[in-house]
Amino acid sequence: MSAHQQTAASPFIRACRNEPVQHTPVWFMRQAGRSLPEYLKLREGVPMLESCMRPELITEITLQPVRRHGVDAAVYFSDIVVPLKAIGLDVEIKPGVGPVVADPIRNRQDLARLRDLDPSDVGYVTEAVGLLTAELGSTPLIGFAGAPFTLASYLVEGGPSRNHERTKALMYGDPELWRDLLDRLADITTAFLKVQIEAGASAVQVFDSWVGALSPADYRRYVMPASAKVFDAVAGYGVPRIHFGVGTGELLGLMSEAGADVMGVDWRVPLDEAARRVGPGKALQGNLDPAVLFAPTAAVEAKTREVLDAAAAAGTGHIFNLGHGVLPTTDPDALSRLVDFVHSSTEAV
Ligand SMILES: O=C(O)CCc1c2[nH]c(c1CC(=O)O)Cc1[nH]c(c(CC(=O)O)c1CCC(=O)O)Cc1[nH]c(c(CC(=O)O)c1CCC(=O)O)Cc1[nH]c(c(CCC(=O)O)c1CC(=O)O)C2
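Residues numbered from 1 in each chain as written. Predicted model: local features only at pLDDT ≥ 70, side-chain atom pairs only at ≥ 80, totals over all residues. Heavy atoms only, no water.

Visitor: I'd like a description of the pairing of strand 3 (residues 98-101), backed by residues and values.
Guide: As defined by bridge partners, strand 2 (residues 91-94) adjoins strand 3 across 4 bridges and the pair is classed as antiparallel. Bridging from a neighbouring strand, Ile93 pairs with Pro99 of strand 3. Between strand 2 and strand 3, which pair antiparallel in sequence order, lie 3 residues; one of them, Gly96, sits at a positive phi of approximately 80 degrees. (Pairing = 2+ DSSP bridges. Helix = DSSP H or I, 4+ residues; strand = E, 2+ residues; numbered from the N terminus.)

Visitor: Outline empty space enclosed by the protein, listing residues and values.
Guide: By rolling a water-sized probe across the atoms, one finds the places where empty space is left. By the definition in use, this model includes 1 cavity of 30 Å³ or more. Considered as a void within the structure, the largest cavity measures approximately 40 Å³ in volume. Around the largest cavity sit Ala3, Gln6, Thr7, Thr133, Gly137, Thr139, Pro140, Leu141, Gly200 and Ser202, which together line it. Partitioning the lining of the largest cavity into residue classes produces 3 nonpolar, 7 polar and no charged. (1 Å grid on protein atoms, 1.4 Å probe; cavity = no way out; pocket = protein on both sides within 12 Å on 5 of 7 lines; lining within 4 Å. Points joined across faces, edges and corners; volume = space filled by probe spheres on them. Nonpolar A, V, L, I, M, F, W, Y, C, P; charged D, E, K, R; others polar.)

Visitor: Which residues make up the environment of Asp266, and what values do they have?
Guide: Relative to the elements of secondary structure, Asp266 occurs in the loop between strand 7 (262-264) and helix 14 (271-278). Asp266 sits 20 residues away from Val246 along the chain, and the two C-alpha atoms are 5.7 Å apart. Sequence-distant contacts of Asp266, defined by excluding residues within four places in its chain, comprise Phe244, Gly245, Val246, Gly247, Thr248, Asn287 and Gly323. Here the side chain of Asp266 touches Gly247 through a polar contact of 2.7 Å, landing on its backbone nitrogen. Within the local environment of Asp266, its side chain forms a polar contact with the side chain of Arg268, the two groups lying 2.4 Å apart. (Contact = heavy atoms within 4.5 Å. Polar contact = N/O pair within 3.5 Å; in protein donor to acceptor, adjacent residues only side chain to side chain.)

Visitor: Explain the UniProt feature "domain: Uroporphyrinogen decarboxylase (URO-D)" (unreviewed entry) in the protein chain to me, using residue names and the numbers behind them.
Guide: Here, the residues flagged by UniProt with the feature "domain: Uroporphyrinogen decarboxylase (URO-D)" (unreviewed entry) are residues 25-34 and 142-158. Helix and strand shares over residues 25-34 are 0% and 0% respectively, and the end C-alpha atoms of the span are 23 Å apart. For residues 142-158, helix accounts for 59% and strand for 29%, while the C-alpha atoms at its two ends are 28 Å apart. (UniProt positions renumbered as here; feature names shortened; annotations may be inferred.)

Visitor: Could you give an account of the site of the ligand, naming the residues involved and the relevant values?
Guide: The immediate surroundings of the ligand are formed by 25 residues, with Arg34, Asp79, Tyr154, Ser209 and His324 found nearest. Between the ligand and the protein, one listed contact pairs an oxygen atom with a side-chain N or O atom of Arg30 at 2.8 Å. Relative to its unbound accessible surface of 940 Å², the ligand loses 87% to contact with the protein. Using a 2 Å cut-off from the grid points, one finds that the ligand occupies the largest pocket. At the level of elements, helix 3 (37-43) and strand 3 are the ones that each hand at least two residues to the shell around the ligand. (Near = heavy atom within 4 Å. Areas by Shrake-Rupley, 256 points an atom, 1.4 Å probe, with all protein chains shown as cover. Sits in = over half its atoms within 2 Å of the grid points.)

Visitor: How would you explain the nonpolar core if you had to name every residue and give the values?
Guide: By size, the foremost hydrophobic cluster in this structure holds 125 residues, and its most contacted members are Phe12, Phe28, Leu114 and Leu181. In terms of residue count, helix 11 (residues 175-199) provides more of this core than any other element does, 13 residues in total. The contacts of Leu181, once residues within four sequence positions are left out, are Ile105, Leu111, Leu114, Ala152, Val156 and Leu170. (Core = buried A, V, L, I, M, F, W, Y, C linked by side-chain atoms within 4.5 Å. Buried < 20%, exposed > 50% of the residue type's maximum accessible area, 1.4 Å probe, protein only.)

Visitor: How would you explain the pairing of strand 5 (residues 203-207) if you had to name every residue and give the values?
Guide: The side chains of a regular strand alternate between the sheet's two faces. Along strand 5, 5 of the 5 residues are buried, which leaves the element largely enclosed by surrounding structure. Of the two faces of strand 5, the one carrying Ala203, Gln205 and Phe207 and the one carrying Val204 and Val206 are both buried. In terms of strand pairing, strand 4 (residues 141-146) meets strand 5 through 5 bridges, oriented parallel. Paired with Phe144 across the bridge in strand 5 is Gln205.

Visitor: Let's hear about helix 8 (residues 123-136): which residues, and what values?
Guide: In an α-helix, one turn spans 3.6 residues; hence positions three or four apart end up facing the same way. Here helix 8 spans 20 Å end to end across 14 residues, near enough to the 20 Å set by a 1.5 Å rise per residue. Listed as buried for helix 8 are Tyr124, Val125, Ala128, Val129, Leu132, Thr133 and Leu136. For helix 8, the arc enclosing every buried residue in end-on projection is 155 degrees, short of the 170-degree limit, so these residues lie on one face. Packed against the buried residues of helix 8 are helix 1 (3-7), helix 5 (55-69), strand 1 (74-75), helix 6 (82-86), strand 4 and helix 11. Backbone geometry just after helix 8 places Gly137 at a positive phi near 60 degrees. (Expected span 1.5 Å × (residues − 1). Arc of directions from axis to C-beta.)

Visitor: Which residues make up the packing of aromatic side chains, and what values go with them?
Guide: Centre-to-centre distance and the angle between the planes together describe a pair of aromatic rings. For the structure on display, the rule yields 6 aromatic pairs. Measuring from ring centre to ring centre gives 5.6 Å for Tyr172 and Tyr222, while their planes differ by 85 degrees; the resulting arrangement is edge-to-face. In this pair, Tyr172 sits in helix 10 (residues 165-173) while Tyr222 sits in helix 12 (residues 216-235), placing the two residues 50 residues apart along the sequence. For Tyr172, a relative accessible area of 40% corresponds to the partly exposed category. Centroid distance Phe207 to Phe244: 5.9 Å. Interplanar angle 80 degrees. Geometry classified as edge-to-face. (Phe/Tyr/Trp six-rings, centres within 6.5 Å; stacked < 30°, edge-to-face > 60°.)

In structure tokens form, the structure reads like this:
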């Protein structure tokens with residue numbers, strides 16, 4: 001049986017397809033990683049991007065939160081800049097800073113450095129996904145990639161940016177170059193997602209983390225065509241496609257239109273309101289504020305109940321998640337308790 005068949009009856013996949021579930025499935029963005037002491041131990045002395053190229057290490061790190069928290073899906077341990085590194089760009093993840101690109105992409109000559117991603121560039125991904133699906137059995141593995149806008153922002157700015165000024169200068173100042181840049185990135189993102197799906201990932205999430213910096217009109221004009229190209233290119237696999245961004249309340253309708261079976265929602269928009277913006281037929285993922293996990297258990301439960309009630313009012317498939325990634329200093333036990341609370345609160349009788 002293929003990994004896709006093995007996971008088809010799981011609560012996560014069923015919720016993505018708006019089918020009834022025995023309990024609301026839960027996973028957390030950044031569930032593997034810095035919140036877990038067992039992760040910090042494994043990563044000692046290994047730079048972030050190097051850890052993303054070692055199949056045994058990827059496998060162990062990806063499995064850690066599944067074992068510890070009993071989440072309903074694993075998310076492949078990697079980073080959105082891994083495919084950029086794989087095509088030969090000089091990018092590294094600096095501790096305390098984030099991804100840094102030594103030689104930013106700012107003109108047409110620079111574009112030539114963005115060559116296509118070949119599956120052989122990321123043989124370690126194919127190998128790790130194979131190891132993972134064998135271990136995970138009926139628990140789905142979610143693959144992911146960065147969306148063209150968010151990747152472009154890193155490439156143009158040269159690192160994380162609050163205001164995206166250089167990115168916007170390029171977007172508004174040279175729309176043709178911008179379009180070609182996003183189109184190149186759409187192909188790289190697509191190739192990276194395909195590698196993960198073909199190796200056995202049961203679903204994929206496309207992170208457009210920073211696109212909330214744009215107005216709806218600019219999203220439609222400058223970003224949507226490239227994102228839609230990615231979603232269209234992987235539609236034929238039939239695996240659920242999740243689309244997520246932060247601060248994207250005003251963009252939910254357009255992002256959903258760009259292509260998604262499941263819309264990821266941050267904590268700023270209640271899920272029943274999100275359902276109205278996203279339109280019928282799509283499942284929703286989210287959306288507890290990650291900072292809520294620093295409050296006492298009773299408060300976490302009350303806020304979680306609000307999310308579950310809004311999801312019930314939305315009447316769509318619901319995958320419980322945080323509104324963005326797990327914060328590094330989160331108490332792992334609070335995450336385990338949250339998984340149990342969501343499961344026990346939603347068990348079908
Ligand atoms: O600060 C940030 O969150 C953004 C910059 C940053 C990125 N990778 C990074 C950093 C430094 C850091 O996390 O400190 C560097 C990074 N990426 C990752 C880690 C591990 C961890 O979070 O503890 C880390 C920290 C590395 C370390 O241990 O020092 C792994 C990662 N990045 C990502 C994912 C996918 C996911 O969240 O489920 C995953 C895998 C998580 C898993 O397997 O559970 C996704 C990612 N990376 C990145 C982005 C862009 C978002 C943004 O820039 O705000 C996004 C998408 C998003 O979170 O919205 C870029």
